[in-house]
Amino acid sequence: MSLREPLAEALDVVANLADALDLKKPNAGTDYMVFLEEQLQKARKVCPTCRDFERDFPSFAFSIATGIGKTRLMGACIAYLYLKKGIKHFFVLAPNLTLYEKLKRDFGDPSYEKYVFKGIAEFVSKPPIVVDGDNYNMFQLHGGNLWDAVEINVFNIAKFNTDSKESKRGAPRMRRLSEYLGQSYFDYLAGLNDLVILMDEAHRYHADASKKAINELRPILGLEMTATPTDEKGKSFKNIVYEYNLAQALDDGKYVKIPTIAKRRNYRKGDLNDKELDMLKLEDAISIHRNTKKHLELYSKDHNCELVKPFILVVCKNIAHAEETKKLLEEEMFNGEYKGKVLQIDSSTKKEEEVDRLFVSLEKPDNQIEIVIHVNMLKEGWDVTNLYTIVPLRAADAPILVEQSIGRGLRLPYGGKRTGVRDVDTLTVIAHDNFEAVILAAQKGNSVLQRLSYIDIEDQDYISEKSEVVEAQTQFDFKIQEIQEKAKTETEKKAAEVVCDARKAAWEVISDMPRLMGQSLSTIGQTLVHTKEDLKKPEMVNIIKQRTIQKIEQAAQQESPLFAEEYSKPRIEEVEKVIQTIIYDYVENIIEIPRMTVQREQFKAEYKWFDLDTRLGFDYPSLREEIIRQGLVDKVTEIMSVESGRTYDDPVDQIVAELINYDDVDYDENADLLYHLAEAAYKAVEDHADNKADAPKIVYNFRKGIAKTIYEQMKAHFVIESLGYSKPKVLPFTGIVQQHLIAVEGFGRIDFRTMVKPALVRKYIYTGFLKSYYTESKFDSTTELDFANVLETDKKVKRWLRPAPTQFSIYWGNGAHRYEPDFVVETDDAIYLVETKAVGNVDAADVQAKKKAAQEYCKNASEYTAANGGKPWKYALLAHDVVDRTSSFQYLMAFA
């Protein structure tokens with residue numbers, strides 16, 4: 001199930017508790033309270049923090065922060081208890097209708113993207129059956145659980161709270177369900193011998209009515225999930241067995257967004273009235289929202305993954321304020337750009353079907369809503385991952401509101417983990433008027449606010465910075481643009497269209513060829529292609545030409561079936577004329593980047609050879625084997641000798657057999673060492689024995705202690721050694737992945753030779769490159785821009801590339817992070833992967849880990865190119881303080 005680390009740890013706790021407890025109802029006649037106390041003592045041996053079950057059955061609470069995956073943990077518990085303990089009946093409690101509907105899909109709909117049992121092979125052919133109060137009758141009418149599958153009953157706790165009360169009509173309504181079957185739904189559940197209850201948002205079930213109703217079911221086990229383990233009186237639960245709170249999640253920095261709080265720089269409290277302040281905060285929120293939106297779009301394109309559409313949450317003080325804010329956003333601000341994109345959620349709108357439809361589909365990319373306005377309506381179960389900006393307006397107690405609000409927006413969209421791209425991983429709370437109050441609150445106690453970052457929004461930092469994601473122009477695109485711009489008359493434009501269509505089709509076919517490289521397939525003839533130069537071979541030119549013609553003919557059929565020949569004929573003629581030129585241009589433009597995946601580094605754990613220190617720990621007595629006999633009446637005690645007829649197994653084998661009981665001692669890997677140590681231990685026992693003939697008996701009696709003494713010494717000789725990286729499969733050069741850039745309004749494109757202030761370097765797109773695959777690029781620092789200038793002016797540099805984030809499959813950090821080199825540079829004699837870094841960061845652990853992975857790529861690439869007539873690959877880590885525009889590439893490499 002690919003559980004995150006905290007969830008895997010929590011599941012370990014469940015497994016340990018399941019092993020320790022009886023997991024059954026007490027036998028008839030057993031004192032139930034005595035039985036319960038016995039179970040508590042067993043549980044406390046595993047989890048000393050559990051002071052009380054707080055219920056009339058064994059029940060344990062897991063305090064897990066919002067956004068970490070409590071529902072996924074419940075699914076893992078169900079799967080584990082079924083697969084390992086044979087438990088088939090589960091009862092999942094939801095605190096409200098929203099969570100109730102959500103949980104039914106989470107557990108019962110395999111087609112749902114958030115279905116929790118993906119990856120459990122046993123549930124593919126026989127998925128769990130979800131039963132609820134609405135379909136129970138039909139479930140029983142059709143024979144119940146005919147397939148003997150896992151049965152998950154899902155129920156809304158609100159029904160317990162109302163229906164478990166006695167009324168004038170007698171028994172609770174829940175006890176009257178399915179009376180025509182002779183039993184109620186309640187009796188069915190209470191009669192199950194293996195019922196396990198799972199409670200989502202468990203803090204909602206610690207009221208007396210809830211406790212009483214749940215107690216009546218007498219399950220064998222309860223598992224409680226909550227992010228706030230306190231009851232209605234504010235007291236902490238006594239049955240907490242695992243905690244991973246929001247503060248821990250924020251400190252770990254893996255599974256939740258980076259929370260930040262922001263205000264406009266130079267804002268002074270009191271200068272604006274309420275409406276003006278609202279408008280200022282909304283303006284800043286939308287500016288940040290636009291910035292986030294563009295970075296999400298860029299990430300989606302660069303990593304070829306689903307687009308995440310962010311939205312803003314605006315918190316208003318009442319319904320009138322919410323209506324006023326909605327009107328402000330749709331009619332008075334941003335020239336009506338957000339009309340139809342604002343959703344108001346409160347008691348006045350919650351029953352409108354369209355509002356509800358838009359609200360529950362906020363994560364869908366086709367949902368047009370970008371701003372949600374609410375008045376205290378966001379409760380448990382609202383687990384969207386695309387909330388990126390929160391704006392509390394006119395908050396009486398801003399610190400409390402901020403702390404409560406951030407929990408709603410901390411979930412991450414891409415696999416629930418941070419991407420490493422700050423703008424994709426950041427949640428922003430706008431708090432102009434209470435900025436200092438929030439900072440002050442953060443300094444008190446263990447507030448979540450201590451983990452917030454604080455941001456001043458420059459007046460011109462986000463404001464007016466409209467931007468869009470654009471594709472970087474290649475040298476080929478530039479030539480196509482030139483052809484189009486030269487055409488002035490209609491005749492010239494039509495001719496230019498034919499030429500451009502033909503050349504684009506050919507370029508696309510050539511660019512797709514690396515995907516087929518390294519194979520001898522009929523689709524590309526019997527030609528093995530190892531390098532880009534092989535594309536120039538006559539047979540490859542012919543294959544590319546034929547594929548291009550096919551592509552044009554297919555386009556003609558789609559464009560105009562009736563005039564397909566008229567459309568395709570001039571374009572095919574153009575292909576015949578220029579195909580060889582285009583292939584040569586392609587070969588000249590690209591850098592050959594061998595295709596491979598550098599995965600995680602491999603390690604070997606082993607016990608090193610050593611001689612056993614036998615000076616202490618092997619002096620065991622030879623016990624006399626005796627029988628004690630005592631008279632029942634006269635109480636006389638007699639000691640009698642034993643005449644043993646036993647023969648003992650080989651003492652050395654006995655010791656080895658005990659050693660391999662330790663989980664980390666593998667017999668096959670360590671057999672020679674184990675016998676070496678066991679033989680030394682046996683000799684020491686013999687030497688200490690009064691009678692050497694007793695040594696086998698001594699070993700038999702004390703074999704566990706002897707093995708423990710040896711194992712303690714073995715641990716001092718346990719080492720973990722790097723074996724390097726697994727040898728990757730290397731294929732011929734890969735195509736160049738399209739680079740995407742963010743064009744910021746008001747900055748645009750400038751010549752790369754222009755001197756730019758360091759603070760503005762990231763805002764411009766730099767153009768005019770002749771040696772790069774792209775004519776334009778963006779840079780993150782002055783160092784990178786200066787280095788690009790060096791590459792363009794140095795005669796020894798043939799070509800260079802600013803690679804897209806997914807150009808290389810090089811992974812570091814135990815395979816968890818993808819490395820994105822800054823530059824690829826080709827000279828006459830080598831190809832370089834170049835990374836520029838601030839001088840103070842060169843020796844940082846993450847930089848060195850990336851370097852190690854990149855060097856592994858270069859080593860394997862060089863082996864491949866050496867065998868196929870190519871250039872060696874080298875890695876260069878360059879400190880920023882040596883980079884200067886007037887330097888030569890060779891000079892800089894001397895400092896790398």
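Residues numbered from 1 in each chain as written. Predicted model: local features only at pLDDT ≥ 70, side-chain atom pairs only at ≥ 80, totals over all residues. Heavy atoms only, no water.

Things to note about the overall build of the protein
Across its full length, the protein carries 26 helices and 33 strands. Burial status across the protein gives 51% buried among its 896 residues. Considering only contacts in the protein between residues 6 or more positions apart, those separated by 24 or more positions represent 72%. Here the protein has roughly 43800 Å² of accessible surface; of this, 48% comes from carbon and sulfur atoms. (Helix = DSSP H or I, 4+ residues; strand = E, 2+ residues; numbered from the N terminus. Buried < 20%, exposed > 50% of the residue type's maximum accessible area, 1.4 Å probe, protein only. Contact = heavy atoms within 4.5 Å. Areas by Shrake-Rupley, 256 points an atom, 1.4 Å probe, with all protein chains shown as cover.)

A look at the state of the cysteines
Counted under the stated rule, the structure contains zero disulfides. The structure places no disulfide on C47, whose sulfur is separated from the nearest cysteine sulfur, that of C50, by 7.1 Å. (Disulfide = S-S within 2.5 Å.)

Overview of the sheet that holds strand β33 (residues 873-879)
As summarised here, the arrangement of the four strands in space is β28-β31-β32-β33, forming an open sheet in which the pairing is mixed. The open sheet has two edge strands, β28 (797-801) and β33, and neither has a second partner. The mean angle between the axes of side-by-side strands here comes to 25°, regardless of whether they run parallel or antiparallel. Most of the contacts of helix α24 (residues 782-793) go to strand β31 (residues 823-827), to which it runs at about 20°, and overall it touches β28, β31, β32 (831-837) and β33. (Pairing = 2+ DSSP bridges. Axes fitted to C-alpha atoms, helices over the stretch in contact; angles between N-to-C directions.)

Details of the sheet that holds strand β6 (residues 221-226)
Taking strand neighbours across the sheet as the criterion, the seven strands line up as β3-β4-β2-β5-β6-β1-β7 in an open arrangement whose pairing is parallel. The open sheet has two edge strands, β3 (129-132) and β7 (240-244), and neither has a second partner. Taken pair by pair, the neighbouring strands of this sheet meet at an average axis angle of 20°, ignoring direction. Its contacts with the sheet put helix α1 (residues 5-20) on β1 (59-64), β6 and β7, and the angle it makes with β7 is roughly 170°. Across the sheet, helix α3 (residues 70-85) is in contact with β1, β2 (89-94), β4 (151-156), β5 (195-200) and β6; its angle to β6 comes to roughly 160°.

Describing a positive patch on the surface
Taken together, R44, R51, K233, K235 and K238 make up a surface patch of like positive charges. One can find K238 in the loop between β6 and β7. (Patch = residues over 30% accessible without salt bridge, like charges linked within 9 Å, V, L, I, M, F, W, Y side chains within 5 Å. Salt bridge = Lys/Arg side-chain N within 4 Å of Asp/Glu carboxyl O. Lys, Arg positive; Asp, Glu negative; His and termini not counted. Charge placed at Lys NZ, Arg CZ, Asp CG, Glu CD.)

Details of unusual backbone geometry
For L23, which is not glycine, the phi dihedral falls at a positive 50°. Turning to its location among the elements, L23 is positioned in the loop between α1 and α2 (32-46). For F334, which is not glycine, the phi dihedral falls at a positive 55°. Mapped onto the secondary structure, F334 falls in the loop between α12 (319-332) and β10 (342-345). Take F334: its relative accessible area is 22%, and that puts it in the partly exposed class.

Let's talk about the nonpolar core
Formed by 101 residues in total, the largest nonpolar core has its most connected members in F60, F62 and F107. Residues contacting F60, with those up to four places away along its chain left out, are L17, L21, A43, C50, F53, L221, G222, L223, E224, N239 and V241. Counting 59 residues, the second-largest nonpolar core is a separate cluster that includes I583, Y774, Y819 and Y857. (Core = buried A, V, L, I, M, F, W, Y, C linked by side-chain atoms within 4.5 Å.)

Observations regarding the pattern of salt bridges
Opposite charge on two side chains permits them to pair, given that their charged atoms come into close proximity. One pass over the full model with this rule turns up 43 salt bridges. R799 is paired through a salt bridge with E826; the nearest N and O atoms lie 3.0 Å apart. Of this pair, R799 sits in strand β28 while E826 is found in strand β31, placing the two residues 27 residues apart along the sequence. The burial state of R799 is the same as that of E826; both residues are buried. One network of salt bridges, in which partners are shared, links E588, R799, E826 and K871.

Points about a nonpolar patch on the surface
A cluster of nonpolar residues, F603, F718 and I720, forms a patch on the protein surface that exposes about 320 Å² of accessible area. Relative to the helices and strands, F718 is located in strand β22 (residues 718-725). Note on F718: relative accessible area 34%, which makes it partly exposed.

Brief notes about the packing of α3 against helix α4 (residues 97-108)
Running from N to C, α3 and α4 cross one another at 45°; their axes reach a closest spacing of 11 Å. If you check the angle between α3 and α4, you find them oblique. In this structure, the crossing between α3 and α4 has a hand that is right-handed. Each of T71, M74, G75 and I78 in α3 lies in contact with α4, whose residues at this interface are K102, L103, D106 and F107. Among the residues forming the contact of α3 with α4, the class breakdown is four nonpolar, two polar and two charged. (Parallel < 35°, antiparallel > 145°, perpendicular 65-115°, else oblique. Left-handed = near helix turned anticlockwise from the far one by under 90°. Nonpolar A, V, L, I, M, F, W, Y, C, P; charged D, E, K, R; others polar.)

Considering the side chain of T783
Relative to the helices and strands, T783 is located in helix α24. For T783, a relative accessible area of 15% puts it in the buried group. For T783, the residues in contact, after removing those within four places along its chain, are T836, H880 and V883.

Quick look at the packing of aromatic side chains
Counted according to the given criterion, the structure contains 31 aromatic pairs. Ring centres of F117 and F123 lie 5.0 Å apart, and the angle between their planes is 85°; on these two criteria the pair is classed as edge-to-face. Each ring, one from F787 and one from F889, has its centre 6.3 Å from the other, and the planes form 45°; the classification is tilted. Of the two residues, F787 is situated in helix α24 and F889 in helix α26 (residues 889-895); the sequence distance between them amounts to 102 residues. Take F787 and F889: they sit in the same class, and that class is buried. Within the aromatic cluster, the residues linked to one another by ring pairs are F747, F752, Y764, Y766, F769, F779, F787, W800, F823, Y832 and F889. Sitting above the plane of the Y567 ring, R571 keeps its charged end 3.8 Å from the centroid. Above the ring of F823, the side-chain terminus of R802 is found at 5.2 Å from the ring centroid. (Phe/Tyr/Trp six-rings, centres within 6.5 Å; stacked < 30°, edge-to-face > 60°. Lys NZ or Arg CZ within 6 Å of the ring centre and 35° of its normal.)

Overview of the environment of D649
Inspection of the secondary structure assignment puts D649 in the loop between β21 (637-641) and α21 (651-659). Separated by 47 residues in the primary sequence, D649 and P696 place their C-alpha atoms 7.8 Å from one another.

Brief notes about the pairing of β1
Where burial is concerned, most of β1 is hidden: six out of the six residues are buried. Every second residue of β1 is oriented toward a common face, with S59, A61 and S63 on one face and F60, F62 and I64 on the other, all of them buried. Alignment of β1 against β6, held across five bridges, turns out to be parallel. Paired with F62 across the two strands is M225, which belongs to β6. With four bridges connecting them, β1 and β7 associate as parallel partners.

Some thoughts on the side chain of K281
Structurally, K281 can be placed in helix α11 (residues 274-302). Accessibility expressed as a relative area gives 1% for K281, which makes it buried.

Here we look at the pairing of β10
Residues V342 and Q344 of β10 are buried on one face, and the alternating residues L343 and I345, pointing to the opposite face, are buried as well. Relative to strand β11 (residues 371-374), β10 is paired through four bridges, and the arrangement is parallel. Its bridge partner being in β11, I345 is matched across the sheet by H374.

Quick notes on α24
Taking 1.5 Å per residue, twelve residues should reach 16 Å; α24 reaches 17 Å between its end C-alpha atoms and fits that length. All buried positions along α24 are accounted for by T783, E784, L785, D786, F787, A788, N789, V790, L791 and E792. The elements touched by buried residues of α24 are β26 (765-767), β28, β31, β32, β33 and α26. (Expected span 1.5 Å × (residues − 1).)

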